[in-house]
Amino acid sequence: MSDAAFLGMPSFPKAARNALADTQLRRNLAHATGTIRQKRADVVGELDDWEELREAGRAIKERTLRHLDHYLLQLEERVTAAGGQVHWARDGEEACRIVTDLIRATGEREVVKVKSMATQEIGLNEALADAGIAAYETDLAELIVQLGEDHPSHILVPAIHRNRAEIREIFLRAMAEYGAAAPADLGDDPRQLAEAARQHLREKFLRAKVGISGANFLVADTGTAVVVESEGNGRMCLTLPETLISVVGIEKTVPTWQDLEVFLQLLPRSSTGERMNPYTSTWTGTAADDGPRAFHLVLLDGGRTDTLADPIGRQALNCIRCSACLNVCPVYERVGGHAYGSVYPGPIGAILGPQLRGTSSEVDRSLPFASTLCGACYDVCPVKINIPEVLVHLRARVVDESRERRMPTPERLAMTAARWVLSEPSRLGTAQRAASAGGRLLSRRGRIGRLPGPLSAWTDARDAPVPAEESFRTWWRRTRDERT
Amino acid sequence: MRIALFITCFNDTLYPATGRAVVTLLERLGCTVEFPMEQTCCGQMHFNTGYQRECVPLVRRFTEVFAGYDAVVTPSGSCAGMVREYHGRVAEVSGDARLASAVQALPEVYELSEFLVDVLQVTDVGAYFPHRVTYHPTCHSLRMLGVGDKPLTLLRAVRGIDLVELPAAEQCCGFGGTFAVKNSDTSVAMCADKVRHVLDTGAEVLSAGDNSCLMHIGGTLSRLRTGVRTVHLAEILASTEEKPATDGPQPSPLPRRTTEGVRSR
Ligand code: SF4
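Keep in mind the model is a prediction, meaning the values are calculated, not measured.

Rules and cut-offs
- Numbering of residues starts from 1 in each chain and follows the order in which that chain's sequence is written.
- Chain letters start at A and ligand numbers start at 1, both assigned in the order the entries are written.
- In keeping with the predicted nature of the model, local features appear solely for residues at pLDDT of at least 70, side-chain atom pairs appear and are counted solely at 80 or more, and the whole-chain, interface and lining totals rest on all residues.
- Excluding hydrogens and water, the side-chain figures rest on all heavy atoms present in the structure.
- Residue ranges labeled as domains rest on an automatic or database domain assignment.
- Only heavy atoms enter the contact rule, under which two residues are in contact if any of them lie within 4.5 Å.
- Accessible surface is computed with a 1.4 Å probe, and the buried area is the amount of it that two parts give up when combined, taken over both parts together.
- We count a salt bridge whenever a side-chain nitrogen from Lys or Arg sits within 4 Å of a carboxyl oxygen from Asp or Glu.
- Any N or O atom pair separated by 3.5 Å or less is treated as a polar contact, with the protein-specific requirement of one donor-capable and one acceptor-capable atom, and with residues adjacent in sequence counted only for side-chain atom pairs.
- For helices the rule is a DSSP run of H or I covering at least 4 residues; for strands it is a run of E covering at least 2, with both sets numbered from the N terminus onward.
- UniProt positions are given in the numbering used here, feature names are shortened, and annotations may be inferred rather than shown by experiment.
- Only buried residues count toward a nonpolar core, which is a set of Ala, Val, Leu, Ile, Met, Phe, Trp, Tyr and Cys residues joined through side-chain atoms within 4.5 Å.
- Relative accessibility under 20% of the residue-type maximum defines a buried residue, over 50% an exposed one, and the middle range a partly exposed one, all with a 1.4 Å probe and only protein chains included.
- Pairing between strands is defined by DSSP: at least two bridges between them are needed.
- Angles shown run from 0 to 180 degrees and are taken between the N-to-C directions of axes, each axis being a line fitted to C-alpha atoms and, for helices, limited to the stretch in contact.
- Proximity is defined per residue: any heavy atom of the residue falling within 4 Å of a molecule or strand makes that residue near it.
- Residues are sorted three ways: Asp, Glu, Lys and Arg are charged, Ala, Val, Leu, Ile, Met, Phe, Trp, Tyr, Cys and Pro are nonpolar, and all the rest, Gly among them, are polar.
- Here a crossover is taken to be right-handed if, once the strands point away from the viewer, the path from the first strand over the helix to the second is traced clockwise.

Student: Explain the domain arrangement of chain B here, please?
Tutor: When the parts come together, some accessible area is lost, and that loss is often what is quoted as the size of the interface. Residue and element names in this part refer to chain B. Examined at the domain level, chain B breaks down into domain 1 (2-119) and domain 2 (132-238). For domain 1 versus domain 2, the separation of C-alpha centres amounts to 22 Å. Tallying the contact residues gives 30 residues for domain 1 and 21 residues for domain 2. Between domain 1 and domain 2 the total buried area reaches about 2000 Å² when both faces are included, carbon and sulfur atoms providing 65% of it. When the buried area of domain 1 at its contact with domain 2 is split by residue, Phe10, Thr18 and Ser113 rank highest and sum to 18% of it. On inspection of domain 1 and its partner domain 2, the count reaches one salt bridge. Its salt-bridge partner being lysine 150, residue aspartate 118 comes within 3.0 Å of it at the nearest N-O pair. The interface formed by domain 1 and domain 2 contains 11 residue pairs in polar contact (both at pLDDT 80 or more). Looking at the side of domain 1 that touches domain 2, the elements that each hand over two or more residues are α1 (9-14), α2 (16-28), α3 (44-49), α5 (77-94) and α7 (112-119).

As structure tokens, then:
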């Protein structure tokens, strides 16, 4: 389930082709994204000052990231003062090692987990399994993914690609293997499914001595961690175990509690379409007579400092993982999350993955191109990340890297030729005449049904227009310039 | 006011009827339109595909050609968006400070509906188009330029028109420039839904402010022999009782003699 598990993924177009053929997936996605999209639009529409809120959210993130070094040191100091311990992890591997060692030191062989993107990003569950430690996901959707031996396909709703009949089948098949079995007469009513999950998880909550979480926010001036959730399972994991280990990306820092006010309005409305999420848990270090006795905060870099160095790309670090951009994305809605080959799918995944992981793999090089640049993501993003802007920026990075290769790609040759033609009106005129003649050769009854070469991808499903016999500029010269 | 038409290389080559319609329309509204012959392309295809360096000469030419005009009008939301949003970025990439200030000094570049409603302040352009029409608001017009319902306001004032609302109108049609080829499967899946919505309206004409999106949706409408044709907004607005927009398949093949000459080879 980690980003490491996705390595060797085919490029986006290839993975998308398979996903597009899965009719059940298409229906599940269209239904789920459509529902959340509408809910979000309704609750956002209620606020007169939504645009001001978005701007405030963006500004806070930008300011914090500019002085991140300062806030991180402040955070470390406050967490430590409150009885917690801070660990710095350069990359996923180091973070996994730190967490594994911490669990080993407790002598435990199993842990319960709060839904967390950061631990998925670093492949923590796999690393723990290798060390003989069982990690149990407790978020309902994560549980479905884990029991189904599946990959998450959405940030907020990791099992969005499953419908309830499929979930029932997974529960019946797999629950017994990991703990309390599902009742034999389990139906596919959401309430029955939730009840089965509750029974299954309860014994794990009561038994677990170690909890693992991420955090939505870290408040620097008090050293407080914040988890926002819907089910309450997270709160169980955060309060019942004796040891709590939180793995959090460094960009989750906000300066003060006052800044939280902005994000606690932006996040639930953007993500679940609720005015307020049901559970907001906050904790500051440890307390003598309440909650975990030991608290470890693992601060993860994992490519974030490099991303921060890029003036255009760095806005991706504003992300509060609300998933609004996924839900409105016309590409995501049809293809789903798996084709993105990362725990971060959709528009944010297309700009985050290639920055955090680099562009060395086929799938990461294809991600910036997995968008029509329609801009729907930018419109809804609660922290105003201009995703299309970052996408075209990363496309240029991919192209510029390919220039270093000696053999030019057919695409580069075509682009170079096009630039040559478009640099001079006379060349354009000549090309237009050639295109017109060529087009007429290929056309039948005013349309072209088949084009050669890479352009056949166009005509496989669409007719192409016939270039006009007389270009506009020729018409103008003939009818206007002659008059003058 | 000195008004320049930026036809865009795409319309120039594939959809000259749209350019002729813009000229007809603006002249009917009392404007004098100039067409600087030295113009070529705004660089959008190169820029959006990652070939930013290749855009530099195109942007330089653009600034030289259109300097000194009071306004530039273009029948393409996405090309207007390219100039407004990204020419500055291209200048930055070039590292040429002179180019950067030339971009800064460019006259305002308007998409057609913006020019009509905001600059000329007309909503009834005196058009006549007796057909059932549905309108697709293209993404760049809608979200990059923020033209809002200016195109619809213009269409509503057209005499004889039966304007029907397009369901899920604001969803992208799946064109996306080179996306349509690089990710053709996804592009076609998106277009299939757009086409379904168009057919649901029972319209005979689909209109938009960008021929690139119309080429994409229209290519599918044509492949499926749906009997729905695409007409650029400019052509509807230019159409009058005396001079109706052509009904032929688009882009209209001109005189038959030459076409036949080629075929009967
Ligand atoms: S990029 Fe914006 S819309 Fe997408 S998940 Fe992040 S915060 Fe939400």
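Student: Honestly, the UniProt feature "domain: Cysteine-rich" (unreviewed entry) in chain B in this entry has me stumped. Any pointers?
Tutor: All names here are of chain B. UniProt marks residues 3-83 and 133-217 with the feature "domain: Cysteine-rich" (unreviewed entry), using the numbering shown here. The distance separating the terminal C-alpha atoms of residues 3-83 is 17 Å; by composition the span is 58% helix and 11% strand. Between the C-alpha atoms that bound residues 133-217 there is a distance of 15 Å. The span itself is 51% helix and 12% strand.

Student: Would you explain the nonpolar core in this entry?
Tutor: Note on soluble globular proteins: their nonpolar side chains tend to be buried together. Among the nonpolar cores identified, the biggest contains 95 residues, and Phe12(A), Phe217(A), Ile351(A) and Phe66(B) are the most heavily contacted of them. The element best represented in this core is α5(B), accounting for seven residues. Counting 44 residues, the second largest nonpolar core, distinct from the first, contains Ala141(A), Leu147(A), Val248(A) and Leu308(A).

Student: Explanation requested: the sheet that holds strand β6 (residues 224-229) of chain A in the structure shown.
Tutor: As a general point, the strands of a sheet are linked pairwise by backbone hydrogen bonds and lie either parallel or antiparallel. Residue and element names in this part refer to chain A. Strand order in the open sheet made by the four strands is β8-β5-β6-β9, with mixed pairing throughout. The sheet is open, and its two borders are formed by β8 (253-254) and β9 (279-284), each paired with just one other strand. As judged from the two bridges shared by strand β5 (residues 217-219) and β8, these two strands associate in the parallel manner. In the sheet register, leucine 218 faces β8, and the bridge partner there is threonine 253. The sheet strands contacting helix α12 (residues 257-271) are β5, β6, β8 and β9, and the helix crosses β5 at an angle near 165°.

Student: For this particular structure, what's the right way to read the site of the ligand?
Tutor: In the vicinity of the ligand, the contacting residues are Cys319(A), Ile320(A), Arg321(A), Cys322(A), Ser323(A), Cys325(A), Ile348(A), Cys381(A), Pro382(A), Val383(A), Ile385(A) and Ile387(A). Looking at the shell around the ligand residue by residue, the classes come out as 10 nonpolar, one polar and one charged.

Student: Where do I start with the pairing of strand β7 (residues 205-208) of chain B in this structure?
Tutor: Moving residue by residue along a regular strand, the side chains alternate between the two faces of the sheet. Residues and elements named next belong to chain B. Residues Val205 and Ser207 line one face of β7 and the alternating positions Leu206 and Ala208 line the opposite face, and both faces are buried. Sheet topology note: the strand β5 (residues 132-135)/β7 ladder contains three bridges and is parallel. Within the sheet, the bridge partner assigned to threonine 134 lies in β7 and is leucine 206. Two strands pair when backbone bridges link them, and β7 and strand β8 (residues 229-232) are joined in this way by four bridges, in the parallel orientation. Within the sheet, the bridge partner assigned to valine 205 lies in β8 and is arginine 229. In this fold, β7 hands off to helix α12 (residues 211-223), which returns the chain to β8; that crossover is right-handed.

Student: Sorry if this is basic, but what is going on with the interface of chain A and chain B here?
Tutor: Across the boundary between the two partners, chain A contributes 74 residues, which contact 74 residues of chain B. Summed over both sides, the interface between chain A and chain B buries roughly 6500 Å², with carbon and sulfur atoms accounting for 58% of that surface. Per-residue buried area on chain A facing chain B is highest for Met415(A), Arg462(A) and Phe472(A); these three make up 11% of the total on that side. Here chain A is connected to chain B by 11 salt bridges. Residues Arg225(B) and Asp463(A) are paired through a salt bridge, measuring 3.6 Å at the closest nitrogen-oxygen approach. Seen at the junction of chain A and chain B, the total is 34 residue pairs in polar contact (both at pLDDT 80 or more). A total of nine residues in the side of chain A that touches chain B trace back to one element, the largest contributor, which is helix α19 (residues 387-403) of chain A. Split into classes, the residues belonging to the side of chain A that touches chain B amount to 35 nonpolar, 12 polar and 27 charged.

Student: Could you clarify how one ought to interpret the pattern of salt bridges in this entry?
Tutor: Oppositely charged side chains can pair when the atoms bearing their charge come close. In total, this model carries 49 salt bridges over all chains according to the counting rule given. In this structure, the salt-bridge partner of Arg198(A) is Glu195(A), at a minimum N-O distance of 2.8 Å. Here Glu195(A) and Arg198(A) lie together in helix α10 (residues 190-207), a separation of three residues that amounts to about one turn. Relative accessible area serves as the criterion here: at 43%, Arg198(A) is assigned to the partly exposed category. Of the charged contacts in the structure, one is a salt bridge between Arg403(A) and Glu54(B), with a shortest N-O distance of 2.9 Å. Separated into two different chains, Arg403(A) in helix α19 and Glu54(B) in helix α4 (residues 52-66) make up a pair that spans both. Since its relative accessible area comes to 6%, Glu54(B) is described here as buried. A single network of salt bridges, built from pairs that share partners, joins Glu55(A), Arg58(A), Glu62(A), Arg66(A) and Lys384(A).

Student: Is there a simple way to explain the domain arrangement of chain A in this structure?
Tutor: Along its sequence, chain A is carved into domain 1 (4-305) and domain 2 (415-483). Averaged C-alpha coordinates put domain 1 of chain A and domain 2 of chain A at centres separated by 53 Å.

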